[in-house]
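Coordinates in review
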Amino acid sequence: IITGFVASDMHGVTTTLGRGGSDYTASLIAAAMNAEEIQLWTDVDGVLTADPRKVNQSYPVTRKSYEEALEMSHFGAKVIYPPTIIPALENKIPIRIKNSFNPEAQGTLISQNPDPYPYTVKGITSIKDISLLTLAGSALFGASNVAARLFQVLSQEDINAILITQGSSEHAISLAIKPEDAPRAQMALQEEFELERNAKLIESVQVEHDLSVVAAIGDNMKSQPGISGKFFSALGKNGVNIIATAQGSSERNISEE
C-alpha cells in the first residue's frame, strides 16, 4: 500500500501531482512493475459516450483503444487524466475503469487492440468557455515562418492551444485557447507581428469569447465517408453555428468550435 497524489520537487519539498495525481501514480508504478492491469475506481460505470450531466442517453463503452481515450480526455472527458494513459500505452498495460458505487458494472477496458465496436463514433466530448484567437492577413500566404513564429510566441508565454485550424487559402490561422490566456496571447502576438501590422500585411489579432469545442471521437471514423456531413447537419438542425473546424490526421477525431 502506497500513497498517491503526493510528490516532491527537485529540492525535496513536498508537492502534489495535481488533477489525476493518484491515477497517474498508479500508472507509473504499474509500468515500473510491468503489471498485468491498472484498475481505476471512480464514480461512473466506465468511460461514457458523452457527459451524463449534459446527455441523458449516454452509456458506458466497454472497450476503448489508448488513442481514443487520449482524444476523449483531451477534449473534456473527466473520467481519465491524459498523463495516466501514457505509461500504460508505452508498456501495453490495459487500464480498467470501474465504479466504486456499482462494482458489478462491467466498466471500460482501455487497451492496445480493443474488440470491434459496432458504431462509427464512440464518444462526443466538449469543452466549454473557450476563446478563439485568429491571426489573419496576406502575409500568411506562402510564408513558411509565420506559423513557427506564432507557436514560438505561445510557447514562450506557456499558452496551450486546444485546437488549431488553418484555411486552405492560408489567409488565417485560428487557435482555441483558455479565456484567461487570451489577453496575454493577443498582446504577445500583436508585438511579434508589429511590423507586418504596420505594413497592413496582417490584421490585428482577433479574439472571440464564450465559445465551446465539441468533438466526435472513434477509431472506426478512419476512412469512413459522411461522418463530417452528419456532424455538421446535426449541429445545423439545432441552430449551432460552426466558427472553426479541425480533423486530426488519424481521422479518429473531428472538432468544431
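See the structure above.
Residues numbered from 1 in each chain as written. Predicted model: local features only at pLDDT ≥ 70, side-chain atom pairs only at ≥ 80, totals over all residues. Heavy atoms only, no water.

Re the side chain of Thr25
Following the sequence through the fold, Thr25 ends up in helix H1 (residues 21–33). A relative accessible area of 12% places Thr25 in the buried class. Among the polar contacts listed, one links the side chain of Thr25 to the backbone nitrogen of Phe5, at a separation of 3.4 Å. Setting aside its immediate chain neighbours within four residues, Thr25 contacts Ile2, Thr3, Gly4, Phe5 and Leu17. (Helix = DSSP H or I, 4+ residues; strand = E, 2+ residues; numbered from the N terminus. Buried < 20%, exposed > 50% of the residue type's maximum accessible area, 1.4 Å probe, protein only. Polar contact = N/O pair within 3.5 Å; in protein donor to acceptor, adjacent residues only side chain to side chain. Contact = heavy atoms within 4.5 Å.)

Re helix H4 (residues 146–156)
Turning to H4, its buried residues are Val146, Leu150, Val153 and Leu154. Each buried residue of H4 lies within a common arc of 95 degrees when the element is viewed along its axis, so the set occupies one face. Facing away from the buried surface of H4 by more than 90 degrees, the exposed residues are Ser155 and Gln156. Those residues of H4 that are buried lie in contact with strand E7 (123–136), strand E9 (172–177) and helix H5 (182–192). Asp158 sits one or two positions beyond H4 and adopts a positive phi of about 60 degrees. (Arc of directions from axis to C-beta.)

Remarks on unusual backbone geometry
The residue Asn34 is not glycine, and still its phi comes out positive at about 55 degrees. Residue class for Asn34 comes out exposed when judged on its relative accessible area of 58%. In this structure, Lys92 is a non-glycine residue whose phi angle is positive, near 55 degrees. Within the element layout of this structure, Lys92 appears in the loop between helix H3 (82–91) and strand E5 (95–99). Lys92 sits in the partly exposed class, given a relative accessible area of 49%.

Let's talk about the nonpolar core
Ranked by size, the top nonpolar core spans 26 residues in total, and within it Ile38, Phe75, Ile80, Ile95, Ile97 and Ile110 carry the most contacts. Of all the secondary-structure elements, those providing two or more residues to this core are strand E3 (38–42), helix H2 (66–74), H3, E5, E7 and strand E10 (206–217). Apart from the residues lying within four places of it in its own chain, the contact partners of Ile80 are Arg19, Leu40, Ala69, Ser73, Ile85, Ile95, Ile97 and Ile110. In this structure, Leu133, Ile173, Leu175 and Ala188 belong to the second largest nonpolar core, which totals 18 residues. (Core = buried A, V, L, I, M, F, W, Y, C linked by side-chain atoms within 4.5 Å.)

Comments concerning the pattern of salt bridges
In the structure shown here, the tally under the stated rule is eight salt bridges. The residue Arg149 makes a salt bridge to Glu192 at a minimum N-O spacing of 2.9 Å. Taken as a pair, Arg149 in helix H4 and Glu192 in helix H5 lie far apart in primary sequence, 43 residues in all. Note on Glu192: relative accessible area 31%, which makes it partly exposed. Salt bridges here are not isolated pairs; linked through shared partners, they connect Arg149, Glu192 and Glu196. (Salt bridge = Lys/Arg side-chain N within 4 Å of Asp/Glu carboxyl O.)

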